[in-house]
Amino acid sequence: MDKNSFLQELKKLDTAGKDVKTLYNEISVLAMKCADGGCTAEKRSAYYLSMEFLIGRSFFNNLMELGVLEETRAILGEKGLDINVFEEIEDAALGNGGLGRLAACFLDSAAGLGLPLYGYGIRYKYGLFKQAIKGGFQVELPDDWQRFGDPWSIRREEEKRVIKFADMQVYAVPYDTPVFGKCTNVLRLWQAEGSAEAEKISEYLYPADDTLEGKLLRLRQEYFFSAASVNELLEKHIRKYGKSFDFFPDFNVIQLNDTHPVLAVAEFIRILASEYKVPFVDALNIAKKTFAYTNHTVLPEALEYWSDEMLRSILPEISNVLLKIHLHQRGELEALGCTKEEISEMSIYSSRGYSMANLAVYVGKAVNGVAALHTEILKRDLFKTAYKYYPEKFQNKTNGITQRRWLMLCNAELSALIDKTIGTNWRENIACLSDLKGKTESIADGFIKVKQCKKKQLFDYIRSREGVDIPEHFLVYAQVKRLHEYKRQLMTAFAILEIYNGLKDGSIQNFNPSVFIFGAKSAPAYRRAKGVIKFINEIAAKVNSDPQTCGLLKVVFVQNYNVSYAEKIVSGSDVSLQVSTAGLEASGTGNMKFMMNGSVTCGTMDGANIEIVELAGKENNYIFGAQVDEIERLKAEGYDPNKYLENAAHSRAVNSLTDGTFSDGDTGYFKELYDSLIYGASWHKPDNYFVLYDLQSYVETLIRINRDYSDGKAFAIKQLANTANSAYFSSDRTIKEYARDIWNI
Ligand SMILES: *Cc1c(COP(=O)(O)O)cnc(C)c1O
C-alpha cells in the first residue's frame, strides 16, 4: 500500500466513540500495510544480534518514516481528535539504556539508507521495569508494554523452531516488526513458548546491563535467541545453496552486540560439526569469516564468563564445542610464539570459566570499540595482547543516533528552522547539516525562540507528570541516563548542594535561575545507585521548598525516564551533563542527542565527548576534570579523597550524607555512599570514581556556564555550533562505516 491509499483509508476510518487503544490499533494496522519488501541484498546481508532493542514508541516515528505524520495529524484533527492522545501508548522498552537504543538506531539507519540489516533479539513479555518515585525512593513496577496491544509485530507461527536444553525443549516463536525507511527491514524477536518453564525465558528483560544476575536464566536467554537466530540463518542458506557452508560468509555476516549473543558462535560451530559433519577446524574457519564483535564496556564486572559447570548442566554440547575452540586456540597461540602469560590473557577458558569476550575476539573477524578513546583503551589495555597478535581485527566505529527520531521527530520546530536556513537536503543526506555552520549567528534569534518553545513543552510535561513547576525562563541542565556510580550523578548532586549553599550565603552572585533535571533508573539490586536517587530527591525537596532560593534553583528527578521522555528532555535542555570518570563511558549516545538538539556539553574528556568537542569546538562546550592519563597516574600513585574534605564547601556537601541534613529513611543508603567515598570497600579503594577529585572543577564549570548564559545570543550561537557540527554523530554515518569496513554490504 502506498502513502496515498493509506491517507484515503484513514479518511474513511470511523473514529466516533472509539477509545485510544482501539484507534491506535486500527491506525497502526493500516500503516503496517505500507511495509514493502526488505532492502534487497545484492550479495550479503548483515544480521544484528542483540539482547536489547530499546525502541521506544513506534506510532509517531513510523508515521513519520512513512511520510504521513503531518497529514495524519490533520485528518485526525478534522475528526476532532488530537494526535497527541497517542502519547498514552507505552514505550516498547526492550532494553536498558544506551546499548539497546543503539541497536534501535542502527536498524533505523540501515532501513533509511536502504541497507540489508536485520535485527534478532528477544520478545520480552515485560521490558525494563516502570519506575515510580515514592517518598524519594525508586519503586519498580512491571512494564506491561503490550497493554495497548502490539499492532507493529506479526507472529510467524509457521516459522517457529525448537531450541534444546539438556533439561527442556522450548519453542522459539518469531515476531516480526517492520523497520520503515527507504525500504522496510525487519526486526525479528523470539518469544519462548511450550511450557510455563519455557515461557520464563522470554518473560523479563534483565534490568542490569552491567552485572550478572539470575545467572542460569540469563544463560538460557542468551543461548535461546542466539541459537534460534543462527539455526534460522543456516537453514535459509541450506535451502538456497545446499550444504556448501564455505559460501555462508559470502552471503551472511553476523554482528554480535556485546558479549550477550556470543554463544551464537559455539552454536554455529556445533550445528556445522555435529549436524552436518563439517570438520571442526573448517567449521571454526567459517565462523571466523562470519562473526564480528562490538565491545561496549571496559567495566570488569560487565565482562561475561560462563562456568563450565553451568554450561554442562544445561548445554553440554555447547560446553564441548567451547572446550574444542579453547584447545584449538591454545595450539594456535603457541604456534604464534605467545608467552604463557599472553596465552592465559587471551585464553577462552580460565579458572573463571569461559570468557565470552575472549571468544568473541578470537573468532571475530572484526572487533570494534564504540568511540575513538574507547577503541584505544581496548587496544592498549583490555585486549592489548590480542591487539599485538591480531592488530588487523581492531577498528573503531564511533556510535551514532538517528536524526529521524532524535531531531526531526522530537524537534520539528528546530527542523523547520534548519529547513528555512539551508533547505531540506539535510533530511535526505545528514552531511548537509554542516551547511548551518556559517549561519549560526544569523539564526540565533530564531533558535532562541525554538528553544523557548521546546522548554515550555518540556516544563508542561514535567508539571503534568511530576507536579513540579519550572518557570519558563530557567536555564536547563540535564543529566539523564542509567544510574551508575561511574556516570557520577552523585557528583552532580554534590555540585548542586554547593551551588545552593553558595546562593544562600551570598558567595554566589548574579546566578541565572536554573533547573537541574535528572532521569535515571537504577538496577533493582544496586543499593548505591538507589541511594543516589534518594539523595537527589532529598536535595530536590529541600531546594525546591526553600523560599530564599526557589526562584533561582530547582531540582527535578523525573519518573520513569525512557525514550519518549528523552525525546522531550534532549530537545528542551540547554546544558548536557556528561560527567563520567574519564576512561569509563565507552561512548555515550545521550551526549549526541543533546548536541544535535543544540545543547552545550558540560563533560569530561571521555567517550564520544572527546569527538563532540573536537568537532563542535572546545570554545562551544565546557570540558573539565581529570583526563585518562591523570586518572591512571592517580591510581598508580595512590589517591586520597580525604584531602578534598579540607575544603569547607566539599566537606559540607559530602557530610550532608551522614550529618542528619537528609534522611534516607533508615535504609543505610547514605552511610554506604559516604563510606564508599571515604573508606572504600573490600572490592575497591575510597572514591573509586574520583568524584571528589573532579568536584571543584565541576562546580566552577557549572557556574561559568551560568555566567555565559547571561549573554543569551552568544550562548545560543554556541548551542547552534553544536547542532551544525552534529552530522558526524548520525547513526547513518556509523552504519555506513560498518557496512563498508566490516559487513561489506
Ligand atoms: C539514549 C538513551 C540512553 C543512553 O544514554 P547515555 O547518556 O549515553 O548513557 C539511555 N536511555 C534512554 C532512554 C535513551 O534514550
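Further up the page is the structure itself.
Residues numbered from 1 in each chain as written. Predicted model: local features only at pLDDT ≥ 70, side-chain atom pairs only at ≥ 80, totals over all residues. Heavy atoms only, no water.

Asker: Give me the lowdown on the overall build of the protein, citing residues and values where you can.
Answerer: The secondary structure content of the protein amounts to 31 helices and 23 strands. Summarising its shape, the C-alpha atoms of the protein cover approximately 80 × 70 × 50 Å along the three principal directions. Within the span of the protein, comprising 745 residues, buried residues form 63% of the whole. Counting contacts in the protein only where the partners sit at least 6 residues apart, residues at least 24 apart contribute 77% of the total. Both charge centroids of the protein, one from 89 positive and one from 97 negative side chains, sit 2 Å from each other. (Helix = DSSP H or I, 4+ residues; strand = E, 2+ residues; numbered from the N terminus. Buried < 20%, exposed > 50% of the residue type's maximum accessible area, 1.4 Å probe, protein only. Contact = heavy atoms within 4.5 Å. Lys, Arg positive; Asp, Glu negative; His and termini not counted. Charge placed at Lys NZ, Arg CZ, Asp CG, Glu CD.)

Asker: Lay out the site of the ligand with the relevant residues and their values.
Answerer: Taken together, 14 residues lie around the ligand, and Lys481, Lys487, Thr589, Gly590 and Lys593 are the ones closest in. Within the backbone of Thr589, a nitrogen or oxygen atom sits 2.8 Å from an oxygen atom of the ligand. For the ligand, an oxygen atom lies 3.0 Å from a polar atom in the backbone of Gly590. For the ligand, whose unbound accessible area comes to 390 Å², protein coverage reaches 95%. Within the residue set of the shell around the ligand, elements represented by two or more residues are helix H23 (563–571) and helix H24 (590–596). For the shell around the ligand, the per-class residue count stands at five nonpolar, six polar and three charged. (Near = heavy atom within 4 Å. Polar contact = N/O pair within 3.5 Å; in protein donor to acceptor, adjacent residues only side chain to side chain. Areas by Shrake-Rupley, 256 points an atom, 1.4 Å probe, with all protein chains shown as cover. Nonpolar A, V, L, I, M, F, W, Y, C, P; charged D, E, K, R; others polar.)

Asker: Mind laying out the sheet that holds strand E21 (residues 575–578), listing which residues take part and the relevant values?
Answerer: Two orientations exist for strands paired in a sheet by backbone hydrogen bonds: parallel and antiparallel. One open sheet holds the six strands; their spatial order is E20-E19-E18-E21-E22-E23, and the pairing between them is parallel. Two strands bound the open sheet, and with one partner strand each, they are strand E20 (553–558) and strand E23 (622–623). One ladder, built from six bridges, connects strand E19 (residues 514–519) with E20; its direction is parallel. Residue pairing in the sheet places Ser514 in a bridge with Leu553 of E20. (Pairing = 2+ DSSP bridges.)

Asker: Quick rundown of the sheet that holds strand E14 (residues 349–350)? Include the residues and the values.
Answerer: If you trace the three strands from one edge of the open sheet to the other, you get E13-E15-E14, paired in antiparallel fashion. Two strands lie at the open edges of the sheet, namely strand E13 (305–306) and E14, each paired on one side alone. Taken together, the two bridges between E14 and strand E15 (residues 353–355) define a ladder with antiparallel strand orientation. Note that in E15 the partner of Tyr349 across the bridge is Tyr354. Along the sheet, helix H14 (residues 356–363) contacts E13 and E15; its crossing angle with E15, the most-contacted strand, is approximately 45 degrees. (Axes fitted to C-alpha atoms, helices over the stretch in contact; angles between N-to-C directions.)

Asker: Could you give an account of the packing of helix H22 (residues 527–544) against helix H28 (residues 669–678), with specific residues and numbers?
Answerer: At a minimum axis distance of 9 Å, the contact between H22 and H28 shows a crossing angle of 110 degrees. Considered as vectors, H22 and H28 are oriented roughly perpendicular to each other. Taking contact as the criterion, the partners of Arg527, Arg528, Lys530, Gly531, Val532, Lys534, Phe535 and Glu538 in H22 are, on H28, Tyr669, Phe670, Glu672, Leu673 and Ser676. A breakdown of the residues in the contact of H22 with H28 according to their chemical character gives five nonpolar, two polar and six charged. (Parallel < 35°, antiparallel > 145°, perpendicular 65-115°, else oblique.)

Asker: Describe the pairing of strand E4 (residues 117–122), and please don't skip the residues or the numbers.
Answerer: For a regular strand, side chains alternate in direction, first toward one face of the sheet and then toward the other. Counting buried residues along E4, six of its six residues qualify, which places the element largely inside the surrounding structure. Going residue by residue along E4, you find Leu117, Gly119 and Gly121 tucked away on one face and Tyr118, Tyr120 and Ile122 tucked away on the opposite face as well. As paired elements, strand E1 (residues 45–49) and E4 share four bridges and run parallel to each other. Paired with Tyr47 across the two strands is Tyr118, which belongs to E4. With four bridges joining them, E4 and strand E10 (residues 185–193) adopt parallel strand pairing. Directly across from Gly121, in E10, lies its bridge partner Leu189.

Asker: Quick one: what's the story with the pattern of salt bridges, residue by residue and with numbers?
Answerer: Under the defined criterion, the tally for this structure stands at 53 salt bridges. Among the salt bridges present, the one from Lys130 reaches Glu90, with a minimum N-O distance of 3.1 Å. Taken together, the positions of Lys130 in strand E5 (residues 130–134) and Glu90 in the loop between helix H4 (69–78) and strand E3 (92–94) put the pair 40 residues apart, joining distant regions of the chain. One salt bridge in this structure joins Asp469 and Arg463, with 2.5 Å as the shortest N-O distance. The partly exposed category is assigned to Arg463, whose relative accessible area is 35%. Salt bridges sharing common partners tie together Arg156, Glu159, Asp176, Arg188, Glu232 and Lys236. (Salt bridge = Lys/Arg side-chain N within 4 Å of Asp/Glu carboxyl O.)

Asker: Which residues make up the pairing of strand E18 (residues 475–480), and what values go with them?
Answerer: Most of E18 sits out of view: six of its six residues are buried. Residues of E18 alternate between two faces, with Leu475, Tyr477 and Gln479 on one and Val476, Ala478 and Val480 on the opposite face, all of them buried. Alignment of E18 against E19, held across six bridges, turns out to be parallel. Bridge pairing links Val476 to Val515 in E19. Traced from E18 through helix H21 (residues 489–505) to E19, the parallel crossover comes out right-handed. Two elements, E18 and E21, share two bridges in a ladder whose sense is parallel. Within the sheet, the bridge partner assigned to Tyr477 lies in E21 and is Val575. (Right-handed = clockwise from strand over helix to strand, strands pointing away.)

Asker: Outline the environment of Glu88, listing residues and values.
Answerer: Residue position: Glu88 is located in the loop between H4 and E3. When neighbours within four sequence positions are excluded, Glu88 is seen to be in contact with Val20, Arg147 and Phe148.

Asker: Pulling in residues and values, what's your account of the state of the cysteines?
Answerer: A covalent bond between the sulfur atoms of two cysteines is referred to as a disulfide. The tally for this structure, following the rule as stated, stands at one disulfide. Here Cys432 stays free of any disulfide, with the sulfur of Cys410 as its closest cysteine sulfur at 20 Å. Looking at Cys432, the relative accessible area reads 17%, which means it is buried. (Disulfide = S-S within 2.5 Å.)

Asker: Residue-level account of the side chain of Arg405, with values.
Answerer: The topology assignment puts Arg405 in helix H17 (residues 403–409). Within the local environment of Arg405, its side chain forms a polar contact with the backbone oxygen of Arg57, the two atoms lying 2.9 Å apart. Contacts of Arg405, omitting those with residues within four sequence positions, involve Ile55, Arg57, Ser58, Asn61, Met64, Arg101, Cys410, Val563 and Glu567.

Asker: Describe the side chain of Asp258, listing the residues and the values that go with them.
Answerer: With respect to the secondary-structure elements, Asp258 resides in the loop between strand E11 (252–257) and helix H9 (263–275). For the buried Asp258, which has no salt bridge, the nearest side chain bearing the opposite charge is Arg218, at an N-O separation of 7.8 Å. Beyond its immediate chain neighbours, meaning those up to four positions away, Asp258 contacts Leu99, Tyr293, Thr294, His296 and Thr297.

Asker: Quick rundown of helix H30 (residues 712–724)? Include the residues and the values.
Answerer: Each α-helix turn comprises 3.6 residues. Residues three or four places apart therefore point the same way. For H30, built from 13 residues, the straight-helix expectation of 18 Å at 1.5 Å per residue is met to within 8% by its first-to-last C-alpha distance of 18 Å. Of the positions making up H30, those classed as buried are Phe715, Ala716, Lys718, Gln719, Leu720, Ala721, Asn722, Thr723 and Ala724. (Expected span 1.5 Å × (residues − 1).)

Asker: Let's hear about the packing of aromatic side chains: which residues, and what values?
Answerer: Within the structure shown, the criterion is met by 35 aromatic pairs. When the centroid spacing of 5.6 Å and the interplanar angle of 70 degrees are considered together, the rings of Phe165 and Tyr223 count as edge-to-face. Of this pair, Phe165 sits in the loop between strand E8 (161–164) and strand E9 (169–179) while Tyr223 sits in helix H7 (residues 215–241); the two residues are 58 residues apart in sequence, bridging distant segments of the chain. Across the pair, Tyr223 and Phe165 agree in class, each one buried. Between Tyr728 and Phe729, the aromatic rings sit 5.2 Å apart at their centres with planes inclined by 90 degrees, giving edge-to-face as the arrangement. The partly exposed category is assigned to Tyr728, whose relative accessible area is 30%. (Phe/Tyr/Trp six-rings, centres within 6.5 Å; stacked < 30°, edge-to-face > 60°.)

Asker: How would you explain helix H18 (residues 412–422) if you had to name every residue and give the values?
Answerer: Those residues of H18 that sit buried are Leu414, Ser415, Leu417, Ile418, Thr421 and Ile422. Angularly, the buried residues of H18 cover 160 degrees about the axis, an arc narrow enough to put them on a single face. Looking at the buried side of H18, the elements it contacts are H17, helix H19 (425–428), helix H20 (444–466), H24 and H30. One or two steps after H18, the chain reaches Gly423, where phi turns positive at roughly 85 degrees. (Arc of directions from axis to C-beta.)

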